[in-house]
Structures are given as C-alpha cells and as structure tokens.
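# Survey of secondary and tertiary structure
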Amino acid sequence: MESFDAIVVGGGPAGSACAERLVQAGASVLVLDRAEFPRTKLCAGWITPEVVEDLALDVEAYPHRFNTFNGIVVHIKRLTFTLPSVQHSIRRYEFDDYLLRRSGARCLVHNVRAVEHGPDGFVVDGAFRSQYLVGAGGTRCPVYRTFFRDANPRARELQAATYEHELPCRWGDERCHLWFFEKGLPGYAWYVPKADGYLNCGLGAMAEKLKARGEDVKRHWSHFTGVLARRGLAAGAEFAPKGYSYYLRGGVETVRIGNAFITGDAAGLATRDLCEGIGPAIRSGHRAAESIVAGTHYRLDDLAAYSSDVGFVRWLLERAFTGGRLRATEGLPAKEAAGA
Ligand SMILES: Cc1cc2nc3c(=O)[nH]c(=O)nc-3n(C[C@H](O)[C@H](O)[C@H](O)COP(=O)(O)OP(=O)(O)OC[C@H]3O[C@@H](n4cnc5c(N)ncnc54)[C@H](O)[C@@H]3O)c2cc1C
C-alpha cells in the first residue's frame, strides 16, 4: 500500500490550495479526484481581488481566460444601478486545472468510496495510507460523510440550488449583471462575461424556500432567459443548463477531528449574502495546510461569512434568501454576529 504524509480528497480550489502549501513545506501529498482534469465545475467563475492575492496569482502570466470588470450592474425589480467595484472572472474548467498542476502534488483520478482510520493512520479504499486526511471533495465529500456529518450536520435552510450554463457566446455587454429577487426568486441570477467570448449565465436560490412555494430553479430559468433576450445580452446563445447544490455558511465548530480536516464546500463555507465559495475554499485549504505543517489550531469560525462589507446589504440578502429563519448569529465570526 502506498503511503503519504497527507491525502487530499478533491482537487478543486480547496484541495489544490491545501496541496500546494503542503508540497511547498516538503510533505508527500496525494490528491485524489474522481474527475480527470480539466473537468467541468458548475460555477459562475467570479473571483475577487482577495482570491488573486491569496493565490499570489500573476495575472499577466496566467495562461487562460481572465477578465476584469470595473463595475457590476445590479437589477432589483425596476431599479438598475452600477456598483463601481473591481472584480474578475475565470473559467473553472481552466482555473482548477491550472491550480492543481501548479500545486506540484501527485494527482490520481480515483473516486474515493471508503475512508477509515486505524492505528497506522488513514486508509483510503484499502489502497492509500496517510497520516493526515483533508476533505476537499465539495458538497458530497466522503471525508465529511464519514467523519464529520454527525458532528456538523448540514442545515437544510442553507442549501442553495443552482442552474447554469457556460458557453462560447458573443457578449451583449462587457459588464457583469446581477438580478436580485426577479419574480420573487429567493436568490439571484447572473450574467458573467469571460475573456475571449465566453459567457456564464445562471441563477441560484435557497432550495427549501423554493420547495415550500412549489417552485424550482427551472421555472425561474425560463423567466431569466426572457430577461437576457429582452436586453440583448446573450444573442444566439443556445442554453443547456445544469443544476447543482451547495451549502452556505453554517456552523463550523467541528472542522478537524484528530488528523482529519474538512475544507471548502465540504465544510459549507460559501458566503451568506453572495454565495461566494471559491475564496473561502482557498482560505480554508491554506489554513488546513498550515495546521498540518506548523501544528497551528485549525479553525474556520473566524473566516468571513459575508462577501459584502455593508451591513444592510448582508442583512437584506440573507433575509431574502433564507426568509430570516436562521438564527442570525449561527456559525458566524463574533464580529459579524455582533453586527448582524
Ligand atoms: C452554479 C454555481 C455557481 C457558483 N458561482 C460562484 C462564483 O461565481 N464565485 C464563487 O466564489 N463561488 C461560486 N460558487 C461556489 C463555488 O463553486 C464553490 O464554493 C467552490 O467550488 C468550492 O470549492 P471546493 O474546492 O470546496 O469544491 P469543488 O470545487 O466542488 O471541488 C471538489 C472536488 O472534489 C471531487 N470529488 C467529489 N467527490 C469525490 C470523491 N468521492 N472522490 C474523489 N473526488 C471527489 C470533485 O470531482 C471536485 O473536483 C458557485 C457554485 C455553483 C454551484
């Protein structure tokens, strides 16, 4: 059986960020992902300047599509305004592959089914052994399922359902557009242009709230494509959307058990206002690596739970998405809970 210092399950942003730091510290690392990279990951591919900084990404040297917007056009019912803000977009198909290769870790295509802990460390599917195990397998991560689900159950009211498509398309506008609460959607829809003629359009909403109303994302999708067509934003696009769900930030008290860690979507870290998950995934991956290398305490409860700095925006979006049914301070960093 092959042995490693650490096995990372999942090669998305959380897994590659963690693996890269471990490799830099001299650890032997195996990343297992069930998909062969480059792989499709449903995601709008919006990244913040903080993500670029956290990854020390040299934008000039980045070999794939990288786009920068200087403003976001926000539509709320009949109100439309532009928020001046520098943000970026990438294609996850390219970005995740780039980061995983950059990590320098050994990677294998392997669908992890069984993880066990014994006297000599962790054993994955009877084939790989390690001292440390990092769960970075997204919403259905087997490390979460095996070791963390009981201690850290997912809150159904925090489940976001999404529906989206990314495709080559002539943009109707070079700016990013967001539509909040269209047709009462408990979430928002997006139009995110990528460099060199790619476009991502989609919508996300709180699954439980949709279900309670007898609605689903598909019904909202047909309304949304009508909005895009009326505004001439995606002329000629033949959409074939797909769905995926993930969890917004809930309780993250138990994110390490012995030498097992969970990171990214496996820990349910996406922000409660804009459902941003790439940044929190990378930050948690880095923290897990630091904890393994330097023996520091692994905690995620102080990671920002909101993308916006504006209290009213957080409050409005969170209320609209979850119907205010959540305990306002649940799982939040103390300073954010105090302002909630
Ligand atoms: C439609 C949609 C739009 C989004 N838009 C944005 C956005 O614009 N900006 C943003 O910041 N966030 C966005 N998010 C959230 C973001 O995509 C996630 O939060 C982020 O990808 C989490 O990264 P991760 O590394 O934790 O998990 P993932 O990126 O999901 O990676 C997990 C990896 O684990 C692998 N895996 C899973 N199970 C196994 C197994 N059993 N064995 C081996 N490998 C396994 C998967 O193949 C995958 O490669 C969006 C999400 C969705 C669904």
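Residues numbered from 1 in each chain as written. Predicted model: local features only at pLDDT ≥ 70, side-chain atom pairs only at ≥ 80, totals over all residues.

In the region of the ligand, 39 residues are neighbours, and G10, G12, G138, G264 and G277 sit closest. At the level of elements, α1 (13–24), β2 (29–33), β10 (159–168), β14 (242–247), α7 (264–267) and α8 (278–294) are the ones that each hand at least two residues to the shell around the ligand. Per-class residue counts for the shell around the ligand are 19 nonpolar, 13 polar and seven charged. No fewer than three residues from each of domain 1 (2–43 + 93–153 + 248–307 + 324–339) and domain 2 (51–90 + 157–246) sit in the shell around the ligand. (Near = placed C-beta within 6 Å. Helix = DSSP H or I, 4+ residues; strand = E, 2+ residues; numbered from the N terminus. Nonpolar A, V, L, I, M, F, W, Y, C, P; charged D, E, K, R; others polar. Domains from an automatic or database assignment.)

Turning our eyes to something else, we now look at the sheet that holds strand β13 (residues 198–206). Pairing is mixed in the open sheet, where eight strands are placed in the order β3-β5-β4-β11-β12-β13-β10-β14. Looking at the sheet topology across the chains shown, the edges are occupied by β3 (46–47) and β14. Note: strand β4 (residues 66–76) against strand β11 (residues 176–180), five bridges, orientation parallel. Residue H75 lies in a different strand from β11, and its bridge partner there is W179. (Pairing = 2+ DSSP bridges.)

The next thing to look at is helix α6 (residues 217–230). For α6, built from 14 residues, the straight-helix expectation of 20 Å at 1.5 Å per residue is met to within 8% by its first-to-last C-alpha distance of 20 Å. Among all positions of α6, only V217, H220, W221, F224 and L228 are buried. Seen from one end, α6 has its buried residues packed into an arc of 105°, which puts them on one side. For α6, exposure combined with an orientation more than 90 degrees from the buried face picks out S222, G226 and R230. Buried residues along α6 sit against β10, β12 (187–194), β13, α5 (207–212) and β14. Two residues or fewer past α6, G232 is found with a positive phi of approximately 65°. (Expected span 1.5 Å × (residues − 1). Buried ≥ 20, exposed ≤ 12 C-beta atoms within 10 Å, placed from the backbone. Arc of directions from axis to C-beta. Contact = placed C-beta atoms within 7 Å.)

Our next topic: the pairing of β11. Pairing of β11 with β12, which is carried by four bridges, proceeds in the antiparallel orientation. Bridged to W179 within β12 is A189. Between β11 and β12, which pair antiparallel one after the other, the connecting turn spans six residues, and F181 there sits at a positive phi close to 65°.

What follows is about the packing of α1 against helix α3 (residues 92–103). The N-to-C vectors of α1 and α3 enclose an angle of 20°; their axes lie 8 Å apart at closest approach. Put simply, α1 runs roughly parallel to α3. With respect to the hand of their crossing, α1 and α3 are arranged in left-handed fashion. Across the interface between the two elements, P13, S16, A19, E20 and V23 of α1 pack against D96, L99, L100, R102 and S103 of α3. Considered class by class, the residues forming the contact of α1 with α3 number five nonpolar, two polar and three charged. (Axes fitted to C-alpha atoms, helices over the stretch in contact; angles between N-to-C directions. Parallel < 35°, antiparallel > 145°, perpendicular 65-115°, else oblique. Left-handed = near helix turned anticlockwise from the far one by under 90°.)

Looking now at the nonpolar core. Of all hydrophobic cores here, the largest spans 92 residues; its most connected members are I7, V8, C18, V29 and V134. Viewed by domain, this core spans two of them, domain 1 (2–43 + 93–153 + 248–307 + 324–339) and domain 2 (51–90 + 157–246), each represented by three or more residues. Look past the residues within four positions of I7 in its chain and what remains in contact with it is L30, L32, F122, V124, F128, S130 and L133. (Core = buried A, V, L, I, M, F, W, Y, C linked by C-beta atoms within 7 Å.)

A cis amide bond links F37 to the next residue, P38, at an omega of 0°. Residue position: P38 is located in the loop between β2 and β3. In this structure, K77 is a non-glycine residue whose phi angle is positive, near 50°. Within the element layout of this structure, K77 appears in the loop between β4 and β5 (79–90). Judged by C-beta crowding, with 9 C-beta atoms within 10 Å, K77 ranks as exposed. Residue F181 is not a glycine yet carries a positive backbone phi of 65°.

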